[in-house]
Amino acid sequence: MAVDELQAIIQRCQILEEADFKGEDFNLFQVAGQKCLEDGYAAQLLEVIQNEKNKVIIKNMGWNLISPLVRCIFMYKQEDDKREHCLRILEQLAQLCNPKELFLGLLEQIEQTSGDQVCQTVMLLLQPLQTVLLKLRNKKAYSVGLSLAMIMNQLTPLPVPYTKQQIQEDKLGLCQCCNAVVDFAKPFVNEVVKNMEKSSEYNDMELKEELIKFCMKSLKYPLLIAQLEQLEGIEEHPFRRFATEIIDILWNIGELIPLMFVHHKGKGPQWEDQEFADIERKNSADSLACLSYLIFVQHFGVECFPVVFSPSYLLLCNMTHIEVLLKRTEESVLSKGLDLFESCLLRMEDNSLLHHYLEFRDFVNVPQDLVKIMTLCPMEHMRKKSLNILQLFIDKFDTEGKYTLFRCLLKTSNHAGVEGYIIKNIKDQIHLALTKEYDNIWFTGHHLISLLDLVLSLPEGAETDLLQNSDRVMASLNLLRYLVIKDCESDNQTGVWTTLGKIEQNFLKPLRVGLNMSKAHYEAEIKNKKENRKEAHSSNTVCSVTVSGEKMPPMTTGMQLQVLHSALFTFDLIESVLARVEELIEVKTKAVMDEN
């Protein structure tokens, strides 16, 4: 019988001194204890462990029971008495065993768990692990850091619940586990705080550094990925609570404000391998970006934040974080980047952002990232939001800043729709310049002429694909029509009449030639399709079309004709505006000649 075997081993070891225990004794105790658990004798094993006479034996050998004990706890049902006995055994082992040995045993058990049991195992072992760590005297900070790192490494592969239903179900127990880990860390946070209060020159930085590492890992996972908006029907959002606790830890140990504003160059671990250094830098950037989002968008810890910084300085500090978030493709992370950018911009007044800020790399990169989201993101609501934020960004700059930003975006966007949108903005700025009393040197005169050289041109001359560039071409023609109507040749505030010959040579003439070529090509295609359809046995003949390397659904001849007619309609539209512009130029030029 398992209990008899265990009692025999116990009796043999009771007469031995602690130093005389052999490896064979450890093995026999582990086998007999495991058999007791598996055969359902947990109550008897508990009696053996609680027996004062066995204190020395349990201190040295008890940690060997952790693995079979955890297995049995998960094997029994919640209401089973045997499970309760197993839990009490675990509690007793935490109190009686050698802390160093038990610490390693508990950590090994956490490391070996996987899949659905990760969160259950971690939550089961957090309390005994905390008890053991509080007993440790040597290498305590290292052991706390190792425990937190091991736990976070085990949690990180788990999917983060995102929707309201997923958060409420919490199938794997991640929401509950994350908050349990924070509670586990609290005694160590309190220890750091007490030591800081005792001495203003707190030198024992090891435990503090380990807690900072834990907070940084928590910011990257799960908080960077998690849905943090307040959800109706969820009284206490688990990830919002977790975020609050992480911010509180950083504030209590005096690291919240430094992390927000101090760039820790050279303070992180110095990796000899550049690949490791890059990974560390990226992880840190993700964590700090999430921290900014929590403070400036969700307003966690905002009451601790000093209200002394100007909106433009806060934008400057956050642009690096915004760029990090906008480079990601996951909806949960990308939306955080857009929200953070929008939040910073809404704090500012229009026309208040000085053009000097465009000398910072991030102020040029971020609008380019917005353009990529506007044109490439598969989610429509993200594309629309990016467009709105780009306009908000434009509105905040002073006149010279707008001018510089327009030039930059026209040169870098490589997208006709975006270029058309920027040209419309240029038209609006010219309108303001012509209707306001004060001088605006950036959207009149020689500065505007320089900008018009970019706007009133065709990328490939007469051979430009006018269908693909129709948005840009239409916006350019509308701008030119506006200039010709609004700016009299006698005033020539914009300088358009001075450079009219160049505009005709570089834009209007190539556009006319390109239109004629495009219309002739598409009309010929339509004629061919109609003739082929007559010859074909069925009008449902299909062809395959490839766009950007991706094969599109098959198109019937009728569908192809519809597309070709649509293209011709676009060319007719461009041609009508072009004709109107040419007519206006001719009328105004003739009127001036008649006056002269």
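Residues numbered from 1 in each chain as written. Predicted model: local features only at pLDDT ≥ 70, side-chain atom pairs only at ≥ 80, totals over all residues. Heavy atoms only, no water.

Q: A description of the overall build of the protein chain should follow, citing residues and the corresponding values.
A: Within the protein chain, the regular secondary structure consists of 25 helices and four strands. When the 596 residues of the protein chain are sorted by exposure, 47% land in the buried category. Split by element, the accessible area of the protein chain, about 30900 Å² in all, is 50% carbon and sulfur. (Helix = DSSP H or I, 4+ residues; strand = E, 2+ residues; numbered from the N terminus. Buried < 20%, exposed > 50% of the residue type's maximum accessible area, 1.4 Å probe, protein only. Areas by Shrake-Rupley, 256 points an atom, 1.4 Å probe, with all protein chains shown as cover.)

Q: Explain helix α12 (residues 206-223) to me, using residue names and the numbers behind them.
A: Relative to the 26 Å expected for 18 residues at 1.5 Å per residue, α12 spans 25 Å between its end C-alpha atoms, a close match to the ideal helical length. The element α12 is largely enclosed, with a buried count of 13 among its 18 residues. (Expected span 1.5 Å × (residues − 1).)

Q: Run through the packing of aromatic side chains, naming residues and quoting values.
A: All told, the structure shown has 13 aromatic pairs when counted by the stated rule. Judged by centre distance (6.3 Å) and plane angle (45°), the ring pair of phenylalanine 360 and phenylalanine 363 falls under tilted. Grouping aromatic residues by their ring pairs yields a cluster made of Phe341, Tyr357, Phe360, Phe363, Phe393 and Phe397. Positioned over the ring face of tyrosine 293 is lysine 336, at 5.5 Å from the centre of the ring. The lysine or arginine in question, lysine 427, covers the ring of tyrosine 482, its NZ or CZ lying 5.3 Å from the ring centre. (Phe/Tyr/Trp six-rings, centres within 6.5 Å; stacked < 30°, edge-to-face > 60°. Lys NZ or Arg CZ within 6 Å of the ring centre and 35° of its normal.)

Q: Run through helix α20 (residues 399-412), naming residues and quoting values.
A: Over its 14 residues, α20 runs 20 Å from end to end, which matches the ideal 20 Å to within 8%, given 1.5 Å per residue. Inspection of α20 places Gly401, Lys402, Tyr403, Leu405, Phe406, Arg407, Cys408, Leu409 and Leu410 among the buried residues, and these make up the whole buried set. Its buried side turned inward, α20 meets α18 (361-376), α19 (380-396), α21 (416-435) and α22 (445-455). (Contact = heavy atoms within 4.5 Å.)

Q: Tell me what's going on with the nonpolar core, and back it up with residues and numbers.
A: Of all hydrophobic cores here, the largest spans 181 residues; its most connected members are Leu155, Phe214, Leu291, Leu294, Phe341, Leu477 and Leu511. Among the elements that make up this core, the one with the highest residue count is helix α11 (residues 174-198) (twelve residues). Apart from the residues lying within four places of it in its own chain, the contact partners of phenylalanine 214 are Leu148, Met152, Val181, Val182, Ala185, Ile246 and Ile249. (Core = buried A, V, L, I, M, F, W, Y, C linked by side-chain atoms within 4.5 Å.)

Q: Which residues make up the pattern of salt bridges, and what values do they have?
A: Within this structure, the stated rule accounts for 27 salt bridges. Measuring nitrogen to oxygen at the nearest pair gives 3.8 Å for the salt bridge that ties lysine 385 to glutamate 342. With lysine 385 in helix α19 and glutamate 342 in helix α17 (residues 331-346), this residue pair connects regions lying 43 residues apart in the sequence. Residue lysine 385 is classed as partly exposed on the basis of its relative accessible area, which comes to 26%. One salt bridge connects lysine 519 with aspartate 572, and the closest N-O pair in it is separated by 3.2 Å. Pair noted here: lysine 519 is in helix α24 (residues 500-535) and aspartate 572 is in helix α25 (residues 557-595), with a separation of 53 residues, a long-range link. Within this structure, Glu323, Lys327, Arg361, Asp362 and Asp369 form a network of salt bridges that share partners. (Salt bridge = Lys/Arg side-chain N within 4 Å of Asp/Glu carboxyl O.)

Q: Which residues make up the state of the cysteines, and what values go with them?
A: Counted according to the given criterion, the structure contains zero disulfides. In this structure cysteine 72 is not part of a disulfide, and its nearest cysteine sulfur, from cysteine 86, lies 5.4 Å away. (Disulfide = S-S within 2.5 Å.)

Q: Outline the side chain of serine 218, supporting the account with residue identities and numerical values.
A: Along the chain, serine 218 turns up in helix α12. For serine 218, a relative accessible area of 0% corresponds to the buried category. A distance of 2.9 Å separates a polar side-chain atom of serine 218 from the backbone oxygen of phenylalanine 214. Apart from the residues within four sequence positions on either side, serine 218 is in contact with Met152, Leu223, Phe242 and Ile246. (Polar contact = N/O pair within 3.5 Å; in protein donor to acceptor, adjacent residues only side chain to side chain.)

Q: Hey, could you go over the packing of α12 against helix α13 (residues 238-252) for me, with residue numbers and the actual values?
A: Helix packing geometry: the angle between the two helix axes and the distance between the axes. Where α12 contacts α13, the two axes come as close as 10 Å, and the packing angle between them is 160°. By the angle between their directions, the pair α12 and α13 is classed as roughly antiparallel. For the element pair α12 and α13, the recorded crossing hand is left-handed. In this structure, α12 contributes Phe214, Cys215, Ser218, Leu219, Pro222 and Leu223 to the contact, and α13 contributes Phe239, Phe242, Ala243, Ile246, Ile249 and Leu250. Broken down by class, the residue content of the contact of α12 with α13 amounts to eleven nonpolar, one polar and no charged. (Axes fitted to C-alpha atoms, helices over the stretch in contact; angles between N-to-C directions. Parallel < 35°, antiparallel > 145°, perpendicular 65-115°, else oblique. Left-handed = near helix turned anticlockwise from the far one by under 90°. Nonpolar A, V, L, I, M, F, W, Y, C, P; charged D, E, K, R; others polar.)

Q: I'd love a proper account of the side chain of asparagine 425, names of residues and values included.
A: Here asparagine 425 shows up in helix α21. With relative accessibility at 6%, the residue asparagine 425 sits in the buried group. If sequence neighbours within four positions are ignored, asparagine 425 has contacts with Gln391, Ile394 and Phe406.

Q: An account of the packing of α17 against α18 is requested, with residue identities and associated values reported.
A: One way to put it is that α17 packs onto α18 with a least axis distance of 13 Å and a crossing angle of 130°. One finds that α17 runs oblique with respect to α18. In the crossing of α17 with α18, the sense of the turn from one axis to the other is left-handed. Judged by residue contacts, Leu334, Leu338 and Phe341 of α17 engage Val366, Leu370 and Ile373 from α18. A class-by-class count of the residues in the contact of α17 with α18 yields six nonpolar, no polar and no charged.

Q: Can you tell me about the environment of isoleucine 295, naming the residues and giving the values?
A: Mapped onto the elements of the fold, isoleucine 295 is located in helix α15 (residues 274-296). Put simply, isoleucine 295 and methionine 260 are 35 residues apart on the chain and 9.5 Å apart in space, counted from C-alpha to C-alpha. Here isoleucine 295 is in contact with Ile247, Leu256, Met260, Phe300, Val302 and Phe305, once residues within four sequence places are set aside.

Q: Tell me about the confidence of the model for the protein chain, residues and numbers included.
A: Of all residues in the protein chain, 87% attain a pLDDT of 70 or more, and the chain-wide mean is 86. Here strand β2 (residues 546-547) is the element of the protein chain with the lowest mean pLDDT, 51, and α19 is the one with the highest, 97. Predicted confidence is poor over residues 264-271, with pLDDT under 50, and the contacts of this stretch with residues over four places away or in other chains come to six contacts. (pLDDT = per-residue confidence, 0-100.)

Q: Account for unusual backbone geometry, with residues named and values stated.
A: For the bond running from tyrosine 221 to proline 222, omega is 10°, close enough to zero to count as cis. Structurally, the position occupied by proline 222 is in helix α12. Positive phi is not limited to glycine here, since histidine 299 has a value of about 65°. As for its placement among the helices and strands, histidine 299 is situated in the loop between α15 and α16 (311-326).

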